Amino acid sequence: MINSLLERKIDKRPDKVRLEGRILFLTEDPELIKRQLAGEDLPWDTKNPGNNPKLRDDISTDEITPAHYCFYFDETLGEIPYVGLKCGSVTPIGRGEVKRGGFVCAVSGKRRGKGSSREQSPYAEMCAGIKVVIAENIERIYKQNCQNLGVLTSTDFSLIDRIRGGEEIPLAEFTAGEDEITRQVIEYGGLFPFNVARMQKKVFLPPFKTGKRPLTLAEKIFARHMKNEKGEVGVAAVKPGDTGFAQADLRFSHEYVTPMAAIFFERYVGKDAKVNDASSIIFFRDHLTFLDEVISEEKKKLGLLDLATQLKLKQQDFAAKQGIKLHGELKDRKGSEGICHSIVLESYALPGQLNIGSDSHTPHVGAIGCVAFGIGTTDVFNSWITKDVRVKVPESVRIVIRGKKRENVTAKDFILKILSLDYVRSGKALAKVMEYAGEAIEELSVDERATMTNMAAEIGGFTGIVAPDKKAVDFLVERRAMDRKKAESMIEGLYSDPDAQYAHVIELDAAEITPMVATPGDPGNGKYVRELNTPVPVEIAYGGTCTAGKNEDMDMYAAVLADALKQGKRVADSVKFYIQFGSQETREYCLRKGYLDVFQKAGAHVIEPSCGACINAGPGVSTRPDQVVISAQNRNFPGRSGPGQMYLASPFTVAASAVAGYIVEYEPSSARELVGA
């Protein structure tokens, strides 16, 4: 493999680019978008931005490429970009319209590309002719995916006039302010050609010059894993902004990403080439196990169910050929072995590791003191060659939750509160490490800490992490049967130094936080349940996914439903309540605890592990725009889980609302009553 790459001809792209084509402004007004698609070029005043129409903020990758279109893993994606984009209640962009419109640039507002790490989104834009993306700020994974593919990105709106004027723009304008490695990735037109140039010694890693300094927990782990200019693993210290390649302890991907990465690998490296160290790579079949139960007849006619099957088969074949462990479907019943994040936490990740995965919720395992982060398809396939990943050491934000939480408040309420803060909503936390600390965090179990680290993805953070302590040791001993002394030795030194530097510190009082919901449209739309002005009736309640399908989440669903049964209540007739395990280990836990009997008697529908409804691919999805859903999952972006109105909440709140028939707090008083908001 290496020899063939050493002989590959690799050149830099030209040092000036002329971007020939139209500019598509993704505005809040759907009529303005439709006029552009019909051929009108929208006037744009770059000198007086206040004169311009409002651009759409918070465009998620779910809107750029809705989940079901990600079953395509080839140039067909060029017909798809922005078909899920919502402007009010309107989706103004149809299939193929961007490609037919001759657009070379797409412009939007704040936090472009938030949400899923799916590289299908920038790949779809690229295949539709988009060569440059301009936005006020751009989410980390999406931006890195663009760079890896060769799509240019910028926050400089003055480029609009220059593109329209047909100017040749120096490539340096797109590399300005970037670190040395990112600059070279852009100059070579993507990560793979850069990595080939790296193997051919045409490019060199910058040396680490950072001297000894107080380090955050994440910085300590980065320092242990960064490669120096000689390619040796481990450097004395790092600081935010240092760039290089970090050696990964674990690399994983699921059936949404593995096939596209495998095709890239076979196309660019060779059909008979072998991955680097198959023993530290894991594949998962966890996203689309129940797709056939909810996919519409219209989508079946488009062949999307058949395409989803091809994803599964391609991953199976590549795993068998490469000798890679695949956690797949169950043999005796429908469902999967488990969701990737659930299994990686239960069975693989260790304190102090650096793990990468093809999913934005990879930070899940930060709950036991790992640096773990999501990457895109190109990063995945390159890591199969090099065993490392491009990293710019991020700044850290310390989030301290002091005091003692209320009995009906959970980690989900904490994270929904954090997501509602101006610091997060304004994008200031983008690409930073979220380090959670304080008495209220220390009291949380590892399962609950995983909810906090998992949803660093919704913050737009690089990752989330909690310093490993006795609870992390207990987790490894009880859930992995690890020797206690061995587990204790793993966490030694894994804490932030007293004088470590942070970009920002957020302090919250746990006692002031009551049960939260995020209202439809964005996880940042947080408010207290008791602030809902009128009762909100629900038709669907969903408890599951990596975020809320863990053992302790099941404890919460069971506690609420057991209370309801004692009071002669069960799930309201007007509500369908779905409970989905995150893994087979959690299912076995529920069997041991007798929860399945409680769930059944209370009227909940129990589902085998899968990502399911969270990605519009399993029971629990909405089917009508007016349908109200309350869900314990992590995201409620438009269209992500069906066309309905989705509220996010904790397992307690979801289960209590399923029983009441409308959104309520769970109030564990002495009588353990369910009380309304």
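Definitions and cut-offs
- Within each chain, residues carry numbers counting from 1 in the order of the written sequence.
- Confidence filtering applies because this is a predicted model: local features only for residues at pLDDT of at least 70, side-chain atom pairs given and counted only at 80 or more, and all residues used for totals across whole chains, interfaces and linings.
- Side-chain metrics in this entry use all non-hydrogen atoms of the structure; hydrogen atoms and water are not considered.
- The helix count covers DSSP runs of H or I at least four residues long, the strand count covers runs of E at least two residues long, and both are numbered beginning at the N terminus.
- Radius of gyration: over C-alpha atoms. The globule rule applied is 2.2 Å multiplied by the number of residues raised to the 0.38 power.
- In this scheme, a residue with accessible area under 20% of its type's maximum is buried, one over 50% is exposed, and one in between is partly exposed, where area comes from a 1.4 Å probe on protein chains only.
- Contacts are residue-level and defined by heavy atoms, with any inter-residue pair within 4.5 Å sufficient.
- All accessibility values rest on the Shrake-Rupley procedure with a 1.4 Å probe; residue burial counts only the protein chains present in the view.
- When charges are counted, neither His nor the chain ends are considered; positive counts come from Lys and Arg and negative counts from Asp and Glu.
- All charge positions are set by atom: Lys at NZ, Arg at CZ, Asp at CG, Glu at CD.
- The term salt bridge refers to a pairing of a side-chain nitrogen on Lys or Arg with a carboxyl oxygen on Asp or Glu at a separation within 4 Å.
- Any two strands with at least two DSSP-identified bridges between them are counted as paired.
- Whenever a helix is involved, its axis is fitted only over the stretch in contact; in every case the axis is a line through C-alpha atoms, and angles between N-to-C directions fall within 0 to 180 degrees.
- Note on scores: pLDDT gives the predictor's confidence for each residue, bounded by 0 and 100.
- By definition in this entry, angles of less than 35 degrees are roughly parallel, angles greater than 145 are roughly antiparallel, angles of 65 to 115 are roughly perpendicular, and the rest are oblique.
- Two helices cross in a left-handed way if the nearer one is turned anticlockwise from the farther one by less than a right angle. They cross in a right-handed way if the turn is clockwise.
- Residue classes follow a fixed rule: Ala, Val, Leu, Ile, Met, Phe, Trp, Tyr, Cys and Pro count as nonpolar, while Asp, Glu, Lys and Arg count as charged, and any other residue, Gly among them, counts as polar.

**Q** I would appreciate a short explanation of the overall build of the chain in the present structure.
**A** A tally of regular secondary structure across the chain gives 28 helices and 26 strands. In terms of overall size, the chain behaves like a compact globule, its C-alpha atoms giving a radius of gyration of 24 Å where 677 residues would be expected to give roughly 26 Å. Evaluated residue by residue, the chain yields a buried proportion of 64% over its 677 residues. Counted over contacts in the chain with a minimum sequence separation of 6, partners at least 24 positions apart contribute 75%. Taken as a whole, the chain presents about 24300 Å² of accessible surface, with 48% of it coming from carbon and sulfur. Charge centroids of the chain, computed over 89 positive and 92 negative side chains, lie 2 Å from each other.

**Q** Is there a simple way to explain the pattern of salt bridges in this structure?
**A** A side chain with one charge can pair with a side chain of the opposite charge if their charged atoms come near. Taken as a whole and judged by the stated rule, the model has 53 salt bridges. A salt bridge links Glu458 to Arg635, with the shortest nitrogen-to-oxygen separation between them at 2.5 Å. Pair noted here: Glu458 is in helix α21 (residues 456-459) and Arg635 is in the loop between β23 (628-631) and β24 (645-649), with a separation of 177 residues, a long-range link. There is no split in this pair, since Glu458 and Arg635 are both buried. A network of salt bridges, in which partner residues are shared, links Asp332, Arg333, Arg587, Glu588 and Glu608.

**Q** Could you clarify how one ought to interpret the sheet that holds strand β16 (residues 463-466) in this entry?
**A** The strands that make up a sheet pair up through hydrogen bonds in the backbone, lying either parallel or antiparallel. The strand order across the open sheet built from four strands is β16-β15-β14-β17, with neighbouring strands paired in parallel fashion. If you trace the sheet from one side to the other, it starts and ends with β16 and β17 (504-509), each paired once. Here the strands of the sheet are splayed against their neighbours by 20° on average, with no regard to which way each runs. As paired strands, strand β14 (residues 396-402) and β17 are joined by six bridges and run parallel to one another. Note that in β17 the partner of Ile401 across the bridge is Leu508. Those strands touched by helix α11 (residues 217-225) are β14, β15 (433-437) and β16, and its axis lies near 105° from that of β16. Helix-sheet contacts for helix α20 (residues 446-454) involve β14, β15 and β16, and the interaxial angle to β16 is about 150°.

**Q** Would you mind going over the confidence of the model for the chain with me for this structure?
**A** The predicted coordinates ought not to be read in detail in places where the model reports low pLDDT. Looking at the chain as a whole, its pLDDT mean stands at 94, while 98% of the residues score no less than 70. Scored below 50 in pLDDT, residues 670-677 makes 23 contacts in the model with residues more than four places away or belonging to other chains.

**Q** Can you help me understand helix α12 (residues 258-268) in this one?
**A** The periodicity of an α-helix, 3.6 residues per turn, causes residues three or four positions apart to be oriented the same way. Most of α12 sits inside the fold, with eight of its 11 residues counted as buried. Listed as buried for α12 are Thr258, Pro259, Met260, Ala261, Ala262, Phe264, Phe265 and Glu266. The elements touched by buried residues of α12 are α5 (120-127), β8 (250-254), β9 (281-284), α14 (304-322) and α16 (377-386). After α12 finishes, the residue Gly270 shows a positive phi value of roughly 145°.

**Q** How do you make sense of the packing of helix α17 (residues 411-419) against α20 when you look at a structure like this?
**A** To characterise two packed helices, one gives the angle between the axes of the helices and the distance between these axes. Remark: α17 packs on α20, axes separated minimally by 9 Å, with the N-to-C direction vectors making an angle of 20°. Classified by the angle their axes make, α17 and α20 are roughly parallel. Crossing angle aside, the handedness with which α17 passes α20 is right-handed. Contacts between α17 and α20 involve Ala411, Lys412, Phe414, Ile415 and Ile418 on the former and, on the latter, Glu448, Thr451 and Met452. Across the contact of α17 with α20, the residue classes break down as five nonpolar, one polar and two charged.

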